[in-house]
Amino acid sequence: MITAYLTHPDCSLHHMGPEHPESPQRLDAIRARLSLAGLLQQTMQADAKEACFDALAKVHPARHLRALEKCVPSEGISALDSETLMNPDSLKAARVAAGAVIKGVDQVFKRQADNVFCAVRPPGHHAEATDSMGFCFYNNIAVGAAHARDTYGARRIAILDFDVHQCNGTIDILKDRPDVLICTSFQYPFYPWRYLRSEWKNVVNTPLEAGTEGGEFRNRVEQQWLPALHAFKPDLVMISAGFDAHRDDPMADLCLDDEDYYWVTRLAMEIATLYAENRVVSVLEGGYNPKSLASGVEAHLKALLGLPFTDS
C-alpha cells in the first residue's frame, strides 16, 4: 500500500490557551512517535494547502464563513463558545486542515496513493453548516466529501467516525443524502447532546455506554456498520479518526486500545478493497492524551500501510 501523510506547519499556529486540551502538542506527539517507530519514513509525506473559500462554501453558507472571519482577533484569544477559541491564526490552520482532506481525495482518485492520513488540526466533525463548536471551525471531512463528489463524480461516499463524540456536524451537513453513508460510534449519553438519536436513513448510530471495551465495540461495528456498508458499496471510504475513545484518554470513559484502532482501520480498508479500489482518506479528529493519541495513530497508520499490528 502507498500511504500518503499530509500535514502542515500552519496547523501548529492555532492555539486556544496553555490549558486547552486541543493543543499544538498533539501533532508533535504524533510525529515524534511515528518517526521513532520508523513509520513516517514509509509514507509519502507532503504539505497540505489551504482550502479556498469556494471549497468551504460547498458545505458552509458563505454568510457563515464571512461571519466567522469577522470573529478572528487581531491579537490574543477570542471565544466562540466556552471551549472553542480563536487566535489570529486559527482560521489559517483550519483552512489547511480542510485543504489536507481535499488533497487526500485528489491523491487517491489520481492513484498517487492508495490511502491517506491527514495529521491536521483543528478537528472538524463537530462543525455544523452554520455553527462552529467542539474545537471545530470547518467540517474537514464534509469539505473533502463535497470535493470528491463534485470533482471526481463520487456517488457513494462512506464516512466512518470512531471518535468518542458523535459527529453532529457531519450529520448536520450530510443528513438524508443518498450518496453518503455515515457510520458513527460514540459514548452515550455524552457531548454534543444533539443528533444522538437521529434517525436519518443514511446515518448508522452506534452509541456505547461508558466503560465499553474493545470486544463490545468490535461486535457492535460488525453487527451495525458492516451490513450497511456492504449494502451501500462505497466508491470512497473516509475516516474521521478520533482517538479519544482510548482507555487512557481523559476526555471520556470508553476503553478502546491501540489494537481496536488497528482492527477498525483494517475493516475500513477491506470495504475499500471490495468496492472503492482501495481508496481511503482518513483525517484526525480527537485524542487528548499525547501518549495514547500517538500510539493510536501509530496503530492506525500500520493498518493503512498494510503492516501487522505489534505492541510498541
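Residues numbered from 1 in each chain as written. Predicted model: local features only at pLDDT ≥ 70, side-chain atom pairs only at ≥ 80, totals over all residues. Heavy atoms only, no water.

As annotated in an unreviewed UniProt entry, the chain is Histone deacetylase family protein from Vreelandella aquamarina.

Enquirer: In this structure, what is going on with the overall build of the chain? I would like to understand it.
Expert: In terms of helices and strands, the chain carries nine helices and 10 strands. Its C-alpha atoms give the chain a radius of gyration of 17 Å, near enough to 20 Å, the size a compact globule of 312 residues would have. Its C-alpha atoms give the chain principal-axis dimensions of roughly 50 × 40 × 40 Å. Restricting the contact set of the chain to residue pairs at least 6 apart, pairs at least 24 apart contribute 74%. (Helix = DSSP H or I, 4+ residues; strand = E, 2+ residues; numbered from the N terminus. Rg over C-alpha atoms; globule rule 2.2 N^0.38 Å. Contact = heavy atoms within 4.5 Å.)

Enquirer: Could you clarify how one ought to interpret the sheet that holds strand S6 (residues 157-161) in this entry?
Expert: To summarise the sheet geometry, strands pair through backbone hydrogen bonds and adopt either a parallel or an antiparallel arrangement. Within the open sheet, the eight strands sit side by side as S2-S1-S5-S10-S9-S6-S7-S8. Their pairing is parallel. Only two strands of the sheet have a single partner each, and these edge strands are strand S2 (44-47) and strand S8 (203-208). Shown here is a sheet whose adjacent strand axes are inclined to one another by a mean of 15 degrees, direction ignored. Seen against the sheet, helix H9 (residues 290-305) touches strand S1 (3-7), strand S5 (115-118), strand S9 (236-241) and strand S10 (280-284) and runs at an angle of roughly 165 degrees to S5. (Pairing = 2+ DSSP bridges. Axes fitted to C-alpha atoms, helices over the stretch in contact; angles between N-to-C directions.)

Enquirer: Explain the pattern of salt bridges to me, please; I cannot follow it from the model alone.
Expert: A side chain of one charge can pair with a side chain of the opposite charge if their charged atoms are brought near each other. Tallied over the full model, the rule gives 17 salt bridges. Across the pair glutamate 277 and arginine 279 runs a salt bridge, and its minimum N-O distance is 3.4 Å. Since its relative accessible area comes to 45%, glutamate 277 is described here as partly exposed. Taking relative accessible area as the criterion, arginine 279 reaches 10% and is therefore assigned buried. Look at the salt bridges and you will find they share partners, linking Glu22, Arg26 and Arg121 into a network. (Salt bridge = Lys/Arg side-chain N within 4 Å of Asp/Glu carboxyl O. Buried < 20%, exposed > 50% of the residue type's maximum accessible area, 1.4 Å probe, protein only.)

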